[in-house]
Amino acid sequence: MAQINTNEVIANSKFNRFHLGLLLWSFFIIAFDGYDLVVYGTVVPVLIEQWNLTSVEAGAMGSYGLFGMMFGAIFFGTLADRIGRKNVIAITLILFSLFTFLCGFAETPTLFSTFRFLAGLGLGGIMPNVIALLTDYSPKSMRSMVVSIVLCGYSVGGILAPLLGILLMPTLGWESIFWIAGLPLLALPLLYKQLPETASHLIRRGKKEELFATLSKVSPGITFNKNDELLELNTPATKVPIVGLFNNNRALSTVMFWIAFFSCLLMVYGLNTWLPNLMIKAGYALNSSLGFLIALQGGAIIGTLIIARLCDKYGSKKMLVPMYASGAVALTLLGFGGNSLLIYVLVAIAGAATVGAQNIVQAYVSQYYPAFIRSTALGTASGIGRIGGMLGPILGGFLLSISLPIHLNFIAFAIPGLIAAIALAIVPEKQAHYNKVANEMNSGSEQQKVM
């Protein structure tokens, strides 16, 4: 009879077929998450004309989905630490896919906004849990890279939305690109069968055989016996996981992460909603303006992959602070125009420093907190961030309605980038050490027998 430490088995595993399958399914989910978020920005110029909306009304419609995301992120992030990440991923996928699909059948702004809010509940809840599940099962040596690769799926979906808008809207109408959002529902049975449940949840539920079956895939070189004892790091029990975010010297870090998420998501959703319109105001045609939205997401993919590799080598904080600052500079310069090549480069840099930075900061947070509050930490930070996300489309709509010079619109979206850089600079870097010490103090010993 052996004693099995699940955390060590997972941390020391080598990337294999199991990890690849988890990565691909997670990428698929996040790609549609990104698609569903960006699709509104793709159709908003058409909806403004068809439904005779003002800029403020269109901005408010864009914010209803983000309002739902705020509640979804907090509620489903906390719920997953109690009922399991796999179950919550399935619930949230159904919510965002079904109601985004139904947006394609909405005939009034009110019904459209209602569907966007309900879809937002799922959109807000799914990303924190996918990231937490990835972190739970990824080898320690490449956790930042694995999470960052999957989060590039957000940008792939963000590129697909305007691309399909260019291809489909002229012939099939704006409704057609919402219908595509229902595809994940067809894949749900297979996805649910293949996704693993997190190890800590299986241990709490006494599902030893299911856990050993999963660990055999994580690390095929290790043989597990039903008589083996499981060891788990002893963590303080609490019925309110959110309290753990402020215990053991985590309060300052938690607040600074919330400010960074708020500021970055204000930029992300503001730009995703209004970049095409801002570029039209600057004199570009609709198709060219949608091309800038593609450049924004393309820059996010390249930036995420490059910076994620550097984060594994030098640390996430050292990369994120200058990344946020460079986004503020790029957005400021965008407002003053230039030749097309320069504009595309600046948009790509802005994408890397907004969407890309948001991808990486989520990977950072997923490793910053202990496993027993990981979904809660990501969910609450995302929920606070959605408040900024809601303000982004409203801010853009307000700025356009008062007819400010174009460069002032871009400067308004650049300022939050500086705020995010300052907030991340304040976050203590040695939290992992504090977590270890705190767990030792709470348990008196690093490990306990649980089965």
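Below, the structure is looked at part by part. Keep in mind the model is a prediction, meaning the values are calculated, not measured.

Some remarks on helix 15 (residues 374–401)
1) Next: Here helix 15 spans 41 Å end to end across 28 residues, near enough to the 40 Å set by a 1.5 Å rise per residue.
2) Next: Helix 15 sits mainly inside the fold: 21 of its 28 residues count as buried.
3) Next: Serine 403 sits one or two positions beyond helix 15 and adopts a positive phi of about 55°.

Brief notes about the packing of aromatic side chains
1) Next: Tallied over the entire structure, the rule returns 22 aromatic pairs.
2) Next: Pairing tryptophan 51 with tryptophan 174 gives two aromatic rings, centres 5.6 Å apart and planes at 80°, and the pair type is edge-to-face. Remark: tryptophan 174 occurs in the loop between helix 6 (143–172) and helix 7 (176–179) and tryptophan 51 occurs in the loop between helix 2 (17–50) and helix 3 (55–83); sequence separation between them is 123 residues. In terms of burial, tryptophan 51 and tryptophan 174 fall into one category: buried.
3) Next: Among the aromatic residues, ring-to-ring pairing joins Tyr40, Trp51, Phe112, Trp174 and Phe178 into one connected group.
4) Next: Taking the ring centre of tyrosine 192 as reference, the NZ or CZ of lysine 86 above it sits at 4.6 Å.

Some points on the pattern of salt bridges
1) Next: Across all of its chains, the model carries two salt bridges by this definition.
2) Next: Aspartate 136 serves as the salt-bridge partner of arginine 85, at 2.6 Å between the closest nitrogen and oxygen. Taken together, the residues arginine 85 in helix 4 (residues 85–103) and aspartate 136 in helix 5 (residues 109–137) connect sequence positions 51 residues apart.
3) Next: Note that aspartate 136 and arginine 374 form a salt bridge whose closest N and O atoms lie 2.8 Å from each other. Of this pair, aspartate 136 sits in helix 5 while arginine 374 sits in helix 15; the two residues are 238 residues apart in sequence, bridging distant segments of the chain.
4) Next: Judged by its relative accessible area of 10%, aspartate 136 falls in the buried class.
5) Next: Classification of arginine 374 as buried rests on a relative accessible area of 10%.
6) Next: Three or more residues joined by partner-sharing salt bridges are found here, namely Arg85, Asp136 and Arg374.

Thoughts on the packing of helix 2 against helix 8 (residues 183–194)
1) Next: Interhelical geometry of helix 2 versus helix 8 gives an angle of 150° and a closest axis separation of 11 Å. When the interaxial angle is binned, helix 2 and helix 8 end up roughly antiparallel. When you trace helix 2 past helix 8, the crossing you get is left-handed. Residue-level contacts link Trp25, Phe28, Ile29 and Phe32 of helix 2 to Leu183, Pro184, Ala187, Leu190, Leu191 and Gln194 of helix 8.
2) Next: Broken down by class, the residue content of the contact of helix 2 with helix 8 amounts to nine nonpolar, one polar and no charged.

Notes on a nonpolar patch on the surface
1) Next: A cluster of nonpolar side chains, Ile242, Val243, Phe246, Val255, Ile259, Ile415 and Ile419, forms an exposed patch at the surface whose accessible area comes to about 520 Å².
2) Next: When residues of the nonpolar patch are traced back to their parent elements, those giving at least two are helix 11 (251–281) and helix 16 (406–426).
3) Next: With respect to the helices and strands, isoleucine 415 occurs in helix 16.
4) Next: Taking relative accessible area as the criterion, isoleucine 415 reaches 47% and is therefore assigned partly exposed.

Conventions and cut-offs
- Residues numbered from 1 in each chain as written.
- Predicted model: local features only at pLDDT ≥ 70, side-chain atom pairs only at ≥ 80, totals over all residues.
- Heavy atoms only, no water.
- Helix = DSSP H or I, 4+ residues; strand = E, 2+ residues; numbered from the N terminus.
- Expected span 1.5 Å × (residues − 1).
- Buried < 20%, exposed > 50% of the residue type's maximum accessible area, 1.4 Å probe, protein only.
- Phe/Tyr/Trp six-rings, centres within 6.5 Å; stacked < 30°, edge-to-face > 60°.
- Lys NZ or Arg CZ within 6 Å of the ring centre and 35° of its normal.
- Salt bridge = Lys/Arg side-chain N within 4 Å of Asp/Glu carboxyl O.
- Axes fitted to C-alpha atoms, helices over the stretch in contact; angles between N-to-C directions.
- Parallel < 35°, antiparallel > 145°, perpendicular 65-115°, else oblique.
- Left-handed = near helix turned anticlockwise from the far one by under 90°.
- Contact = heavy atoms within 4.5 Å.
- Nonpolar A, V, L, I, M, F, W, Y, C, P; charged D, E, K, R; others polar.
- Patch = residues over 30% accessible without salt bridge, like charges linked within 9 Å, V, L, I, M, F, W, Y side chains within 5 Å.
- Areas by Shrake-Rupley, 256 points an atom, 1.4 Å probe, with all protein chains shown as cover.

Any functional reading would require information beyond the geometric quantities listed.
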